Amino acid sequence: MTHDHPAAPDRGVSRPFGRLLTAMATPFTADGSLDLDGAVRLATYLVDEQGNDALVLNGTTGESPTTSDAEKETLIRAVVEAIGDRAQIVAGVGTNDTRHTIELAAAAEKAGAHGLLVVTPYYSRPPQRGLVAHFTAVADGTGLPIMMYDIPHRAGVPIETETLVRLAAHERIVAVKDAKGDLTATGWVTSRTDLAFYSGEDSLTLPTLAVGGVGLVGTSTHFTGALAKQMIEAYDAGDTGTALTLHRRLLPLFTGIFRSPGTILVKAGLNVLGLPAGPVRPPLVDATDDELALLRADCAAAGLDLPE
């Protein structure tokens, strides 16, 4: 049984970047160079056919560790010019060097980005006061709204609840890409701040909405975007039954896309569909036939077709 609440579509939450974002893969040509025409085509597909409200460029799925600063800026300019009037462009600028992050933020702002994704500094494992100093310095150095990226299994350190609450006081720190997998912590932060929480784990989107989240920054959404957005909209409209049905339908691909590092399977699937992707850059390696077969099975289980 579902109930329709007239005020439900907003749930009293702020969505600075809409409901659905995809961390877009960066297309490369066969020789591994940046494919700008392909990037424009892929971005157009993600906005016009998969319903994305915003795209994240130069994230981990976009192979940011292996693209140069110049490539990052060129990519932002091309995609902003092509679809920046129909969707927001959020630029990944986070590194484990505060000074370099500020430089990338300035370049992204100059290139026309609408917002910034700033990951927790990785590998160096700074203490929480170091995280406060890092995010504050980046926010002080830009005019763009910032989405912090909390992903301790990659970064090596979480953004603790009290740190998130403290950082929420900065006028330009407005959102979190939450890949911590701790819904209790998420619930505490959403109850104490106005930070907009976007699930950074496709499969945790619906539970994140239930504890105050607002949407998804997805990976499988290269393929599941339209249905994932329907799920979020159904939940917002109070139709939790439909939202749960869609969650269960998409679960095989929400999780299966991460059998290998997400970029590998995203590019494999895009290539099969005839969409721009190309190869991955080392140290990543392209999908094997067995991995592609599993991706096809995951797509089929989710009711989506990935042709032979």
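Residues numbered from 1 in each chain as written. Predicted model: local features only at pLDDT ≥ 70, side-chain atom pairs only at ≥ 80, totals over all residues. Heavy atoms only, no water.

1. Description of the environment of Ile-102
So, step 1. With respect to the helices, strands and loops of the structure, Ile-102 is situated in helix α3 (residues 98–110).
So, step 2. Exposure remark for Ile-102: the relative accessible area of 28% places this residue in the partly exposed category.
So, step 3. For the pair Ile-102 and Arg-172, spaced 70 residues apart in sequence, the C-alpha to C-alpha distance is 14 Å.
So, step 4. Discounting chain neighbours no more than four positions away, the residues touching Ile-102 are Ala-137 and Val-138. (Helix = DSSP H or I, 4+ residues; strand = E, 2+ residues; numbered from the N terminus. Buried < 20%, exposed > 50% of the residue type's maximum accessible area, 1.4 Å probe, protein only. Contact = heavy atoms within 4.5 Å.)

2. Details of the UniProt feature "binding site: pyruvate" (unreviewed entry) in the chain
So, step 1. Mapped onto the present numbering, the UniProt feature "binding site: pyruvate" (unreviewed entry) falls at Thr-61 and Val-217. Despite a sequence span of 157 residues, these residues sit close together in the fold, their greatest C-alpha distance being 11.0 Å.
So, step 2. Secondary-structure assignment places Thr-61 in the loop between β2 (54–57) and α2 (69–83).
So, step 3. Among the residues examined, Thr-61 registers a relative accessible area of 9% and is labelled buried.
So, step 4. Excluding its chain neighbours within four sequence positions, the residues that come into contact with Thr-61 are Ala-23, Met-24, Ala-25, Thr-26, Thr-219, His-222 and Thr-263.
So, step 5. With respect to the element layout, Val-217 can be found in strand β8 (residues 215–218).
So, step 6. Other than its neighbours up to four places away in sequence, Val-217 contacts Leu-21, Ala-23, Val-56, Met-147, Lys-177, Tyr-198, Ser-199, Gly-200 and Asp-202. (UniProt positions renumbered as here; feature names shortened; annotations may be inferred.)

3. Let's talk about the sheet that holds strand β1 (residues 20–23)
So, step 1. Pairing is parallel in the closed barrel, where 8 strands are placed in the order β1-β2-β3-β4-β5-β6-β7-β8. Pairs of neighbouring strands in the sheet enclose a mean axial angle of 25 degrees, with direction left out of account.
So, step 2. Sheet topology places strand β4 (residues 115–119) next to strand β5 (residues 146–150); 4 bridges connect them, and they run parallel. By the bridge assignment for β5, Leu-116 is matched with Ile-146.
So, step 3. Contacts from helix α4 (residues 128–140) reach β4, β5 and β6 (173–178) within the one sheet, and its direction differs from that of β4 by about 160 degrees. (Pairing = 2+ DSSP bridges. Axes fitted to C-alpha atoms, helices over the stretch in contact; angles between N-to-C directions.)

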